[in-house]
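If you want the building blocks of each chain, they are given just below.
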Amino acid sequence: MSKYDTLNPMQREAVFHTEGPLLVLAGAGSGKTRVLTHRIAYLIEEKRVAPWNIMAITFTNKAAAEMRERIAAAIGAAVAQDPSSVRLRRQLFLVHRAKITTWVSTFHSSCVRILRRFIDRLGYDSNFTIYDGDDQKTLMKQVLKKMQADPKQFKERAVLSRISAAKNDRITADEFEQQAGADFREKKIAQIYREYQKELKKINALDFDDLLVKTVELFEANADVLEYYQDKFRYIMVDEYQDTNLVQFKLVDLLAKKYRNICVVGDDDQSIYK
C-alpha cells in the first residue's frame, strides 16, 4: 500500500498536480500541511525533482521545522514497504537529502538568506544587522527627537505601526507623502518614515519588514539575481497563504513567474487580512 493511498481523492489530486499553478482551499484540520509534505515527497521520489529545487514557505519557524521532519518521514515511509537493498539505500539518501537541502523556512528567514548573498547590490554590506522591536523603538525615539516631532502626537509604537503597514503595502516614504496630501500628521509621518529609513541604512540595518521589501527591491532591480532564484526554486509551495500581505505576494509572484509551478494552501475563513 502506497503512502498516497492514505490520502482522500481531493488530497491525492492536489499531491499529483505538480505542473502549473494550484490553489488549495480547505478548513482547519483537513490535512492541508499533510498535502504539502506528501506533494514534496512525491516530487522528489516520483518526479525526480532535486530537493534544492523545491521551496516551501511557512509562517513560523516551528512550522518550518515540523514540515522538514514530516517531509523526511513521508519519504522514509516507503523504506519499510520495499526493503530491497538498492531501494533502501536510495530512500535513506532521499530522506537525508530532502531534510537538509529542501528550502523550508519562513518568508523572513528566506529573505535573510537571499539578502546575505546579494544585498550589496542595494548598497548595504552583507553583515547587516536585523533590528527587532526594541531596536526599532530606540531608533525611532532618536528620529522623532531629531525631527522635533511632538511626543504627544507622534508616539514611537504608533508611528512604527504606520510605517510597517506602508511597507507591507509596498508604499515608499515618497509615495506616503504624496498620498498624505494636505494632512499635516500624515505628511509628518512620511518625513519621519524617510528619516527612519535613512538612519537604518546609515548603520547598515534592516527591520523585519525591510527583509521582504528589500528582497523584492533586489529582484526587481537585478534580473540576473531573480533568474538565479527562479531557476533554483522551480517548485514553490506556500502554507497559510490566506495570511500573505502584498509584499509577500509580490515576492512569491516574482519567484514563480518563470516556471509557474506554484502551489498555495490556505483557509480563506481564517484570513487575518479580510
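Here the structure is a predicted model, which means the values were calculated and not measured.

Even without being glycine, Asn204 reaches a positive phi, approximately 55 degrees. Relative to the helices and strands, Asn204 resides in the loop between α9 (184–202) and β5 (205–207). For Asn204, a relative accessible area of 13% puts it in the buried group. Here Arg260, not a glycine, exhibits a phi torsion of approximately 60 degrees, which is positive. In this fold, Arg260 is placed in the loop between α12 (246–256) and β7 (262–266). On the accessibility criterion, Arg260 (48% relative accessible area) is partly exposed.

A few words on the pattern of salt bridges. For the structure shown, the criterion picks out 18 salt bridges. One salt bridge in this structure joins Glu186 and Arg162, with 2.4 Å as the shortest N-O distance. In this pair, Glu186 is assigned in helix α9 and Arg162 in helix α7 (residues 156–168), connecting sequence segments 24 residues apart. Note that Arg194 is salt-bridged to Glu177, the shortest N-O span being 2.6 Å. Of this pair, Arg194 sits in helix α9 while Glu177 sits in helix α8 (residues 173–180); the two residues are 17 residues apart in sequence, bridging distant segments of the chain. Through salt bridges with shared partners, a single network forms among Lys146, Glu195, Glu199 and Lys202.

What counts and what doesn't
The residue numbers shown here count from 1 along each chain, following its written sequence. Selection of residues for local features in this predicted model requires a pLDDT of at least 70, selection of side-chain atom pairs for listing and counting requires 80 or more, and totals for whole chains, interfaces and linings are taken over all residues. Excluded from the side-chain calculations are hydrogens and water; all other atoms, namely the structure's heavy atoms, are used. Helical segments are the DSSP runs of H or I of at least four residues, strand segments are the runs of E of at least two, and each set is numbered from the N terminus. Summary of the burial criterion: residues with accessible area below 20% of their type's maximum are buried, those above 50% are exposed, and those between are partly exposed, where the area comes from a 1.4 Å probe applied to protein chains only. By salt bridge we mean one thing: a side-chain nitrogen of Lys or Arg within 4 Å of a carboxyl oxygen of Asp or Glu.

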